[in-house]
Amino acid sequence: MSALIIGNWKSNGSKETNKLWIKDFFKHIKDDAESISAICPPYVYLNQIVDLCKRSNIKIGSQDIDFSQGARTGSISAKACKDLGCNFSIIGHSERREFFKEDNLDIRKKLICAQDNNLKIVMCIGEPIEVYDSGTTKEFLKKQLIDSIDGLDLFNDFTIAYEPIWAIGSGKLPSSEEINVIHLYIKDIVQSASKNNFTPKVIYGGSVSSKNAEDLFKEDHIDGALIGGASLNGKEFANIANIYINRGH
Ligand code: PGA
């Protein structure tokens, strides 16, 4: 099964705090919640984390990949991530789009490259607050999706993370009913735009914590969560995965 509760540590962690995180996580995670959990540490800690988790079922992913390899100073290839033991990579996070000026076509190239290297992908999309306020979220998401996946064969548990930009790190999020409607819409678009009519899992990201997880996971089309801030604490992250496993559908 693919990972559905994913912790994105962003540019956080140290050799010491990583060890404490792992101890805390394994102390609190329920057996069947382990195999649907994943963490994405900074690249430089991938080796350490893969090693610390080698006797477990938690998956390890990278936070991004480059769309090529070779003469591209400072970048990390899909092939290298596979080689280090990554099961998947996130692409298209709004922080990559905003701070590193990545656009939908770059993300399309990353997706193609990952699939060529047999690396699973979690592709992030999401609207800024002005778009949400103007009621045009669906149109905005449709363009992100079409530009990045139109006409492609999708496979390997391809997953979308819906992350409204204004919900990231803000403590504010849409209602779970609103998110559910958007997830169903995303599934429909991907199904009709992909060459092989693929229906992806759609996970939600943006201010997820153990306080709102139960409410989110009761929805039929919220298939998991991408978690930033709350994933930095091993116990809190394990609790969210445990809530997911007990969600009752
Ligand atoms: P957050 O971040 O959980 O801290 O809101 C989510 C993300 O950026 O993926």
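Residue positions are counted from 1 within each chain, in the order its sequence is given. Only residues with pLDDT of at least 70 get local features here, since the model is predicted, and only at 80 or more are side-chain atom pairs given and counted; chain-wide, interface and lining totals rely on the full set of residues. Hydrogens and waters are ignored; side-chain quantities use all the structure's heavy atoms.

**A look at the environment of K201**
Alright, step 1. Helix and strand definitions here come from DSSP, where helices need a minimum of 4 consecutive H or I residues and strands a minimum of 2 consecutive E residues; each element is numbered from the N-terminal end. Mapped onto the elements of the fold, K201 is located in strand β7 (residues 201–205).
Alright, step 2. Taking the relative accessible area as the measure of exposure, K201 reaches 39% and is therefore partly exposed.
Alright, step 3. Distance from K201 to H221, taken between C-alpha atoms, is 8.1 Å for residues 20 residues apart in sequence.
Alright, step 4. The residues contacting K201, other than those within four sequence positions of it, are L4, F158, T159, I160 and D223. Only protein chains enter the accessibility calculation, which uses a 1.4 Å probe. A residue is then buried if its area is under 20% of the maximum for its type, exposed if over 50%, and partly exposed in between. Throughout, a residue-residue contact means that at least one pair of heavy atoms, one from each residue, lies within 4.5 Å.

**Some thoughts on the environment of L226**
Alright, step 1. Secondary-structure assignment places L226 in strand β8 (residues 225–227).
Alright, step 2. Between the alpha carbons of L226 and E163 there is a distance of 8.3 Å; along the sequence they are 63 residues apart.
Alright, step 3. Residues in contact with L226, not counting those within four places in the same chain, are I6, N8, I90, C124, A161, E163, I203, Y204, G205 and G206.

**Concerning helix α8 (residues 137–149)**
Alright, step 1. By this rule, a helix spans an expected 1.5 Å times one less than how many residues it contains. With 13 residues, α8 extends 18 Å between its outermost C-alpha atoms, agreeing within 8% with the 18 Å of an ideal straight helix rising 1.5 Å per residue.
Alright, step 2. Along α8, the positions that sit buried rather than exposed are T137, L141, Q144, L145, S148 and I149. Buried positions in α8, seen along its axis, are confined to an arc of 95 degrees and lie on one side of it. α8 presents E139 and K143 as exposed residues on the side facing more than 90 degrees away from its buried surface.
Alright, step 3. In this structure, the buried residues of α8 make contact with α5 (94–99), α6 (104–116), β5 (120–125), α7 (129–133), β6 (159–162) and α9 (176–193).
Alright, step 4. Just beyond α8, the residue with positive phi is G151, at close to 80 degrees. Throughout, the arc means the angular range of directions from the helix axis out to the C-beta atoms.

**Focus on the layout of surface pockets**
Alright, step 1. Only protein atoms enter the 1 Å grid used here, on which a cavity is any set of points holding a 1.4 Å probe that cannot leave and a pocket is any open set flanked by protein within 12 Å on both sides along at least five of seven lines; residues with an atom within 4 Å of a point are listed as lining. Grid points are joined across faces, edges and corners, and a volume is the space filled by probe spheres set on the points. For the largest pocket, the calculated volume is near 500 Å³.
Alright, step 2. Forming the boundary of the largest pocket are 23 residues, of which Y43, Q63, D64, R96 and F100 lie nearest the centre.
Alright, step 3. Put simply, the parts of the chain that give the lining of the largest pocket at least two residues each are α5 and α6.
Alright, step 4. Top element by residues in the lining of the largest pocket is α5. It accounts for three residues.
Alright, step 5. When its residues are assigned to classes, the lining of the largest pocket shows eight nonpolar, six polar and nine charged. By the convention adopted, Pro, Cys, Tyr, Trp, Phe, Met, Ile, Leu, Val and Ala count as nonpolar, Lys, Arg, Asp and Glu as charged, and the other residues, Gly among them, as polar.

**What to know about the site of the ligand**
Alright, step 1. In the vicinity of the ligand, the contacting residues are K10, H93, E163, A167, I168, G169, G206, S207, L226, I227, G228 and G229.
Alright, step 2. Two N or O atoms count as a polar contact when they lie within 3.5 Å, although within protein this holds only if one can serve as hydrogen donor and the other as acceptor, and sequence-adjacent residues are included solely when both atoms are side-chain atoms. At a separation of 2.7 Å, an oxygen atom of the ligand approaches a polar backbone atom of G169.
Alright, step 3. Across the complex, the protein chains shield 95% of the 280 Å² of accessible surface that the ligand would expose by itself.
Alright, step 4. Among the detected pockets, the ligand sits in the second largest pocket. It suffices for a single heavy atom of a residue to lie within 4 Å of a molecule or strand for the residue to be listed as near it. Note that accessible areas follow from Shrake-Rupley with a 1.4 Å probe, and for residues the cover is restricted to the protein chains shown. Each molecule is assigned to a cavity or pocket provided more than half of its atoms lie within 2 Å of the corresponding grid points.

**What to know about the pattern of salt bridges**
Alright, step 1. Any carboxyl oxygen of Asp or Glu that lies within 4 Å of a side-chain nitrogen of Lys or Arg is treated as forming a salt bridge with it. Summed over all chains, the structure comprises 14 salt bridges.
Alright, step 2. One salt bridge connects E95 with K10, and the closest N-O pair in it is separated by 2.8 Å. You can see E95 sitting in helix α5 and its partner K10 sitting in the loop between β1 (5–8) and α1 (15–28), a full 85 residues away along the chain.
Alright, step 3. The exposure class assigned to E95 is partly exposed, which follows from its relative accessible area of 24%.
Alright, step 4. Bridged by salt links that share partners, the residues D64, R96, E102 and K110 form one connected network.

**A short note on the nonpolar core**
Alright, step 1. Of all hydrophobic cores here, the largest spans 73 residues; its most connected members are I5, M123, F158 and I186.
Alright, step 2. Ranked by residue count, the leading element in this core is α9, at seven residues. By convention a nonpolar core is built from buried Ala, Val, Leu, Ile, Met, Phe, Trp, Tyr and Cys residues, the set being connected through side-chain atoms within 4.5 Å.

**Quick look at the packing of aromatic side chains**
Centre-to-centre distance and the angle between the planes together describe a pair of aromatic rings.
Alright, step 1. Classification of ring pairs uses Phe, Tyr and Trp, with its six-membered ring standing for Trp, and accepts pairs whose centres are within 6.5 Å; under 30 degrees between planes counts as stacked, over 60 as edge-to-face, and the remaining range as tilted. Across all of its chains, the model carries nine aromatic pairs by this definition.
Alright, step 2. Look at Y132 and W166: their rings are 4.5 Å apart centre to centre, the planes differ by 40 degrees, and that puts the pair in the tilted class. Of this pair, Y132 sits in helix α7 while W166 sits in the loop between β6 and α9, placing them 34 residues apart in sequence.
Alright, step 3. Look at Y132 and you get partly exposed, because its relative accessible area is 26%.
Alright, step 4. Ring-pair connections join several aromatic residues into one group, and the members of that group are W9, W21, F25, F26 and F237.
Alright, step 5. In this structure, K109 is placed above the aromatic ring of F67, and the distance from its NZ or CZ to the ring centre is 4.2 Å.
Alright, step 6. Above the ring of Y244, the side-chain terminus of R247 is found at 3.9 Å from the ring centroid. As a reminder, the over-ring test applies to NZ of lysine and CZ of arginine, requiring each to be within 6 Å of the ring centre and within 35 degrees of the ring normal.

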